[in-house]
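Report on the structure
If you want the building blocks of each chain, they are given just below.
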Amino acid sequence: MVTDPIADFLTRIRNAQMANHRIVEIPASNLKKRMTEILYEKGYILKYKFEDDNKQGLIKIALKYDVNTKQPAITSLERISRPGLRQYAKPADFKRVMNGLGIAIVSTSKGVMTDKEAKAQNVGGEILCHIY
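Overview of the structure. The shown structure was predicted, so the numbers you read here are calculated from the model rather than taken from an experiment.

As a further point, take the side chain of lysine 32. Mapped onto the fold, lysine 32 is located in helix 2 (residues 30–41). A polar atom in the side chain of lysine 32 sits 3.1 Å from the backbone oxygen of proline 27.

Okay, here's the thing in structure tokens:
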């Protein structure tokens, strides 16, 4: 049993990139599916596929690497809010990630979205992670 599924999601991606894997499989949940869609929309991963296995389901993510240097597209995955210390912010209090080059994934009352989308919709929420 995993106590922090978001940290597990980020760690699986981080470990797969350090081992230069092309594909990583992660147990699915609605939150993880939305986080995967955000990573795809922002260009951090190549492809993703949701598979139903008559249980929890699986997310298969094709990781993205630079063609010349073989460096991963994601240089840092950082969990911000954790079960022991939740981090909430209002739209005005969102800090820029890597001077605007990265994104923060925020869980709001209107769903899971990036910090820029949350600021545009003027909704605050729990800051799940920073990615750059």
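Here we take up helix 2. Between its first and last C-alpha atoms helix 2 spans 17 Å; for 12 residues at 1.5 Å apiece the expected length is 16 Å, and the two agree. A positive phi of about 85 degrees marks glycine 43, the residue just after helix 2.

Once that is clear, we can look at the sheet that holds strand 3 (residues 58–63). An order of 1-3-2 is seen for the three strands of this open sheet, with the pairing classed as antiparallel. Each end of this open sheet is capped by a strand with a single partner; those strands are strand 1 (23–27) and strand 2 (45–51). Adjacent strand axes in the sheet meet at a mean angle of 20 degrees when their direction is disregarded. Pairing of strand 1 with strand 3, which is carried by five bridges, proceeds in the antiparallel orientation. Across the sheet, isoleucine 23 pairs through a bridge with alanine 62, a residue of strand 3. Against the sheet, helix 1 (residues 5–18) engages strand 1 and strand 3, with an angle of about 165 degrees to strand 1.

How each quantity is defined
Residues numbered from 1 in each chain as written. Predicted model: local features only at pLDDT ≥ 70, side-chain atom pairs only at ≥ 80, totals over all residues. Heavy atoms only, no water. Helix = DSSP H or I, 4+ residues; strand = E, 2+ residues; numbered from the N terminus. Polar contact = N/O pair within 3.5 Å; in protein donor to acceptor, adjacent residues only side chain to side chain. Expected span 1.5 Å × (residues − 1). Pairing = 2+ DSSP bridges. Axes fitted to C-alpha atoms, helices over the stretch in contact; angles between N-to-C directions. Contact = heavy atoms within 4.5 Å.

The analysis is restricted to geometry; functional conclusions fall outside its scope.
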